[in-house]
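# Structural description and commentary
These are the residues of each chain, in order.
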Amino acid sequence: MKKIYVTQPYLPPLEEFIPYLEQIWESKWLTNGGPFHQELESKLADYLGVEHLALFANGTLALVTALKSLRIAGEVITTPFSFVASAHSLLWNGIKPVFVDIHPETFNLDPDKIEAAITPHTSAILPVHVYGHPCDVERIEKIADTYGLKVIYDAAHAFGVGYKGQSLLRNGDLSILSFHATKVFNTFEGGAIICPDAKTKKRIDDLKNFGYAGEVTVVATGINAKMNEVQAAFGLLQLKHVDKAIGRRHKIDAQYREQLSSVSGITCPPLPADTTHNYSYFPILIEKEYLLLRDELNDRLRQNGIYARRYFYPLISEFPMYRGLPSAVKANLPFARKKADQVLCLPIYPDLENESIARITSIIKNIGS
Ligand SMILES: *Cc1c(COP(=O)(O)O)cnc(C)c1O
């Protein structure tokens, strides 16, 4: 039985990558801001519709460095409904995470609950555009302005997402992307920080290179988070194919919605309005009326070789290094807990075949028959 995973990296034809490798072999420039790195920074900024962007070895180091670059300290308000790296980036900076519940329809931080979590120690908000669906950026940034807080978006799911006619990534003080193999656009491992101006980018570029601000000048406790030339070259090739890849994701999304529309107890959260989507995930919610619980359905799919994923279960606030925090108590996070128990993300990736989609939806439809 062919196994179908929740995602599969998009790989362009191998022969298209060979000329890039030949160029690297010829120049012997392997890392440290080489020609492919420079070209990818400028082409990605154009593609995404942002001013500046600093490439990183991965998204987690981009998050850690983004917080460091803005000298964020004390407490930061964030969501428990995310991948663990969101909150880990706070602990790596010695910052205390303060978890706030999500909105039940958007799966993102609920702006109505943010103000109650602000204390004199709060310095920033770290929201996540979960599944690439935009946070309520207007309200979040209004609250941030009122209280003098920074906003750093974990936009790891939001490659290429547009909101109200411009890039979603232009919001907040900084946004970070992940180019991990499992994401819509990948460089095997990789990431980026979207920077509003050249000065911010310079500081971030120094921080990702040990804090060097010149050949013999070290100005900060930087880290080594540089993207290498092989990754950057792969990104340039991937960029040529990414519109096609997102186009195929769109078709898969539409097929799932159509085929699952009449299944009692299964809901497909609608795509948010005013948004250009990247179809990075396909979450469904398993409600009470369905014949199986979420985990039972997940097991049934696995028995058929289909490896869906429970993004996001468990909540970050349930991991050992977080569960002792006052904001991690269950009563503080009712909607996050509910969604973590109901959600299942179905396979979605450009090479997923129509027959596989039909097989997945027929298993879901025919439970109990
Ligand atoms: C993938 C992901 C990250 C981490 O990115 P890496 O490139 O894997 O380090 C951070 N936050 C979220 C929400 C993610 O999905």
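Residues numbered from 1 in each chain as written. Predicted model: local features only at pLDDT ≥ 70, side-chain atom pairs only at ≥ 80, totals over all residues. Heavy atoms only, no water.

## A look at the site of the ligand
Neighbouring the ligand are 15 residues, the closest being Gly59, Thr60, Asp154, Ser178 and Lys183. Between the ligand and serine 178 there is a distance of 2.7 Å, counted from an oxygen atom to a side-chain nitrogen or oxygen. The fraction of the free accessible surface of the ligand (380 Å²) that becomes covered by protein chains is 92%. Among the secondary structure elements, those contributing two or more residues to the shell around the ligand are helix H3 (59-69) and helix H4 (85-92). (Near = heavy atom within 4 Å. Polar contact = N/O pair within 3.5 Å; in protein donor to acceptor, adjacent residues only side chain to side chain. Areas by Shrake-Rupley, 256 points an atom, 1.4 Å probe, with all protein chains shown as cover. Helix = DSSP H or I, 4+ residues; strand = E, 2+ residues; numbered from the N terminus.)

## Brief notes about the domain arrangement of the chain
Each assigned domain of the chain is listed here: domain 1 (12-238) and domain 2 (241-365). Contact with domain 1, which involves 42 residues of that partner, is made by 39 residues of domain 2. Taken together, both faces of the contact between domain 1 and domain 2 bury some 3,300 Å²; the carbon and sulfur share is 68%. Of all residues in domain 1, Phe99, Tyr131 and Val184 bury the most surface against domain 2, accounting for 21% of the area lost on that side. Counting the contacts that link domain 1 with domain 2 gives zero salt bridges. Connecting domain 1 to domain 2 are 19 residue pairs in polar contact (both at pLDDT 80 or more). Here the residues of the side of domain 1 that touches domain 2 sort into 26 nonpolar, 10 polar and six charged. (Domains from an automatic or database assignment. Contact = heavy atoms within 4.5 Å. Buried area = accessible area lost by both parts, 1.4 Å probe. Salt bridge = Lys/Arg side-chain N within 4 Å of Asp/Glu carboxyl O. Nonpolar A, V, L, I, M, F, W, Y, C, P; charged D, E, K, R; others polar.)

## A closer look at the packing of aromatic side chains
Taken as a whole, this structure holds 18 aromatic pairs when the rule is applied. Centre to centre, the rings of phenylalanine 17 and phenylalanine 234 are 5.5 Å apart; their planes meet at 90°, and the pair counts as edge-to-face. Taken together, the positions of phenylalanine 17 in helix H1 (residues 14-27) and phenylalanine 234 in helix H7 (residues 229-260) put the pair 217 residues apart, joining distant regions of the chain. In this structure phenylalanine 234 comes out as buried when scored by relative accessible area, which is 4%. Feature note: the residues Phe81, Phe107, Tyr131, Tyr281, Tyr311 and Phe312 constitute an aromatic cluster, connected by ring pairs. Lying over the aromatic face of phenylalanine 56, lysine 208 brings its terminal NZ or CZ to 5.6 Å of the ring centre. Taking the ring centre of tyrosine 313 as reference, the NZ or CZ of arginine 294 above it sits at 5.1 Å. (Phe/Tyr/Trp six-rings, centres within 6.5 Å; stacked < 30°, edge-to-face > 60°. Buried < 20%, exposed > 50% of the residue type's maximum accessible area, 1.4 Å probe, protein only. Lys NZ or Arg CZ within 6 Å of the ring centre and 35° of its normal.)

## Describing the pairing of strand E9 (residues 174-178)
Taken across its five residues, E9 has five buried, putting it largely inside the fold. Burial of the side chains of E9 extends over both faces: Leu174, Ile176 and Ser178 are buried on one face and Ser175 and Leu177 on the other. As paired elements, strand E6 (residues 150-154) and E9 share three bridges and run parallel to each other. By the bridge assignment for E9, isoleucine 152 is matched with leucine 174. (Pairing = 2+ DSSP bridges.)

## Observations regarding the sheet that holds strand E15 (residues 343-346)
The strand order across the open sheet built from three strands is E11-E13-E15, with neighbouring strands paired in antiparallel fashion. The sheet is open, and its two edges are formed by strand E11 (266-267) and E15, each paired on a single side. Taken together, the two bridges between E11 and strand E13 (residues 282-286) define a ladder with antiparallel strand orientation. Looking across to E13, one finds that isoleucine 266 is bridged to isoleucine 286. Contacts from helix H8 (residues 294-303) reach E11, E13 and E15 within the one sheet, and its direction differs from that of E15 by about 25°. Running at roughly 50° to E15, helix H9 (residues 334-342) makes contact with E13 and E15 of the sheet. (Axes fitted to C-alpha atoms, helices over the stretch in contact; angles between N-to-C directions.)

## Description of the side chain of glutamine 259
Looking at the secondary structure, you find glutamine 259 in helix H7. Within polar-contact distance, the side chain of glutamine 259 engages the side chain of threonine 361 at 2.6 Å. Discounting chain neighbours no more than four positions away, the residues touching glutamine 259 are Ile357, Ala358, Thr361 and Lys365.

## Looking at the pattern of salt bridges
What the rule picks out here adds up to 15 salt bridges. Arginine 170 is the partner of glutamate 51 in a salt bridge, and the nearest nitrogen-oxygen pair spans 3.0 Å. Placement of the pair is glutamate 51 in the loop between helix H2 (35-48) and strand E2 (52-56) and arginine 170 in the loop between strand E8 (166-167) and E9, with a sequence separation of 119 residues. We note a salt bridge from arginine 257 to aspartate 253, for which the minimum N-O separation is 2.7 Å. Of this pair, arginine 257 and aspartate 253 both sit in helix H7, four residues apart, which is roughly one turn of the helix. Judged by relative accessible area, arginine 257 falls into the partly exposed class, the value being 23%. Each of Glu41, Lys201, Asp205 and Lys208 takes part in salt bridges that share partners, so that together they form one network.

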